[in-house]
Structures are given as structure tokens and as C-alpha cells.
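Listed below are the residues making up each chain.
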Amino acid sequence: MVMGKNKLQKINYVAYVATSIDGRIAMSGQSGIDWTSKEDWDFFQNSLQKMDAVIVGRNTYKVAEKSLKKRNTLVLTSKVDKFQSQGNVIFFNPEKSNLKNYLNSKNYKNVAVVGGASVYNFCLENNMLDELFVTIEPYVFTAGVSMFSGDKFKKHQFTLKSMKKLNKTGTILLNYVVKK
């Protein structure tokens with residue numbers, strides 16, 4: 001929480017996930033999102049314009065590096081010991097530093113979480129997910145990267161806020177909030 005003029009300010013963490021019907025966010029750790037619909041892409045890009053910063057994992061950053069360099073981006077990676085800055089991009093090891101404290105020090109109000117699975121899981125486990133937009137694309141991959149990747153079972157409950165059909169092929173946008 002940030003203290004500013006005697007007011008407590010909480011960062012709003014919003015995750016964006018595009019998934020197949022069977023809950024896969026990618027075919028592999030290095031695959032892109034070229035399988036998602038134009039409608040999902042437009043929604044995602046418009047939403048990111050409202051965000052102060054973006055949290056991604058190293059693989060997601062590699063796939064979308066060109067567009068992420070234009071934003072305040074935090075790349076979560078175990079490949080660095082202390083944070084390393086490259087323009088608007090910060091490479092950050094969440095096991096060695098406190099990500100929440102860093103984000104609070106920047107006075108960010110809205111932070112997007114855009115993946116991959118270990119990043120979604122890290123944010124979920126550290127109470128850094130307030131809202132979740134899930135676009136379900138009408139595909140079945142049968143294998144690939146799951147939406148969340150934890151090593152222990154823990155149930156987290158969300159409440160559906162809205163649902164919208166994005167196109168004629170059946171792409172659906174679900175908006176959830178964390179149940180408090």
C-alpha cells in the first residue's frame with residue numbers, strides 16, 4: 001500500500017489470459033498468441049493502454065519483446081540476482097526482492113499481469129490478482145501450457161462479473177473478480 005496525502009492506495013492488479021477451450025494458454029513455453037482472435041487482440045491492446053505497468057515472465061517477454069519495450073514492463077525471471085533495468089523494462093527476480101514493495105514505490109495504480117502460467121500463479125499466491133479477464137478461443141490443443149502452474153493444491157475463488165461473446169466463431173470474454 002502506498003501512503004500519499006494521508007490516503008492509503010492499493011494497486012489494482014488485472015490479469016489477461018487467452019486460453020483454448022481446454023485451458024491452454026500456449027502450445028509451448030515459446031509459442032506466441034497468433035492463434036487468438038482479432039477481437040481478443042483489440043480488447044487486450046485497448047485494456048493495456050489504461051495500465052501503468054505490465055508484469056510478464058521471461059518467455060512471454062521473448063515472444064512480445066517489441067511491443068513490451070514501449071511500456072513499463074517487469075519481467076519476472078530467476079536469471080538475475082538483482083533487478084536490471086533496460087529502458088522501460090526491468091528484469092526482476094521475485095525470489096530475491098519484494099515485487100510488491102517495488103511496485104508500490106513507483107506509485108502505480110493499475111498493473112496488468114499478462115503471463116505466463118508461473119507468473120499468473122505467482123501473482124495469485126501473493127495476492128496480486130484483483131481481476132481476471134479470460135478470453136476463451138474455440139480451440140482444443142490437447143497439450144500445452146496450462147493457465148496456472150503451481151506445485152501445491154490451493155483453491156482460489158473468483159466471482160463472474162461479466163460475460164461477452166466477442167465474435168461469430170464463439171470467442172468468449174469472461175471477467176472475474178477475486179472473491180474476498
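The rules behind the values
- Each chain has its residues counted from 1, following the order in which its sequence is written.
- Confidence filtering applies because this is a predicted model: local features only for residues at pLDDT of at least 70, side-chain atom pairs given and counted only at 80 or more, and all residues used for totals across whole chains, interfaces and linings.
- Each side-chain value is worked out from all heavy atoms of the structure, with water and hydrogens disregarded.
- Think of a nonpolar core as a cluster: buried Ala, Val, Leu, Ile, Met, Phe, Trp, Tyr and Cys residues, connected wherever their side-chain atoms sit within 4.5 Å.
- Only protein chains enter the accessibility calculation, which uses a 1.4 Å probe; a residue whose area is less than 20% of its type maximum is buried, one above 50% is exposed, and one in between is partly exposed.
- We count a stretch as a helix when DSSP gives it H or I for four or more residues in a row; a strand needs E for two or more, and each element gets its number in order from the N terminus.
- Contacts are residue-level and defined by heavy atoms, with any inter-residue pair within 4.5 Å sufficient.
- Definition used for salt bridges: Asp or Glu carboxyl oxygen within 4 Å of a side-chain nitrogen of Lys or Arg.
- One requirement defines pairing of two strands: DSSP has to find at least two bridges between them.
- All axes here are fitted lines through C-alpha atoms, helices being fitted over the stretch that makes contact, and every angle between N-to-C directions spans 0 to 180 degrees.
- Note on aromatic pairs: the rings of Phe, Tyr and Trp (six-membered ring only in Trp) are paired at centre separations within 6.5 Å, and the planes decide the class, stacked below 30 degrees, edge-to-face beyond 60, tilted for the rest.

Colleague: What is the right way to look at the nonpolar core in this model?
Modeller: Soluble globular proteins: nonpolar side chains tend toward being buried together. I55, L74, L99, L103, V113, C123 and M128 are the most contacted members of the largest nonpolar core, which totals 29 residues. For this core, the elements supplying multiple residues, two or more each, are β3 (12–20), β5 (53–57), β6 (73–76), β8 (89–92), α3 (99–105), β9 (110–113), α4 (117–125) and β10 (131–137). Broken down by element, the residue count for this core peaks at six residues, all from α4. Beyond its immediate sequence surroundings of up to four residues, L99 is in contact with I55, L74, L76, F92, F122 and M128. In this structure, V54, L68, V89 and L166 belong to the second largest nonpolar core, which totals 18 residues.

Colleague: Hey, could you run me through the pattern of salt bridges in this one?
Modeller: Under the counting rule described, the total for this entry stands at five salt bridges. K38 serves as the salt-bridge partner of D42, at 2.6 Å between the closest nitrogen and oxygen. Residue D42 and its partner K38 are both found in helix α1 (residues 38–48); the two are separated by four residues, about one turn of the helix. K161 is the salt-bridge partner of E131, the closest N and O atoms lying 3.6 Å from each other. Here E131, found in strand β10, pairs with K161, found in strand β12 (residues 158–165); they are 30 residues apart in sequence, far enough to count as distant. A relative accessible area of 54% means that K161 is categorised as exposed.

Colleague: Explain the sheet that holds β6 here, please?
Modeller: The strands making up a sheet associate through backbone hydrogen bonding, with each pair oriented either parallel or antiparallel. Strand order in the open sheet formed by nine strands is β7-β8-β6-β5-β9-β3-β10-β13-β12, with mixed pairing between adjacent strands. Looking at which strands have only one partner, the edges of the open sheet turn out to be β7 (84–86) and β12. On average, adjacent strands in this sheet sit at an angle of 20 degrees to one another, irrespective of strand direction. Of the pairings in the sheet, the one linking β5 to β9 comprises three bridges and is parallel in character. Directly across from V54, in β9, lies its bridge partner A112. With respect to the sheet, α1 is in contact with β3, β5, β9, β10 and β13 (172–178), its orientation differing from that of β3 by roughly 165 degrees. Sheet strands touched by α4: β3, β5, β6, β9 and β12. Its angle to β5, the strand with the most contacts, is close to 120 degrees.

Colleague: Looking at this structure, how should I read the packing of aromatic side chains?
Modeller: Applying the stated criterion to the full structure yields 12 aromatic pairs. Considering the side-chain rings of Y120 and F148, the 6.0 Å spacing of their centres and the 55 degrees angle between planes classify their relative orientation as tilted. With Y120 in helix α4 and F148 in the loop between β11 (145–146) and β12, the pair connects residues that are 28 residues apart, well separated along the chain. For the pair Y139 and F141, a centre-to-centre distance of 6.4 Å together with 25 degrees between the ring planes defines the contact as stacked.

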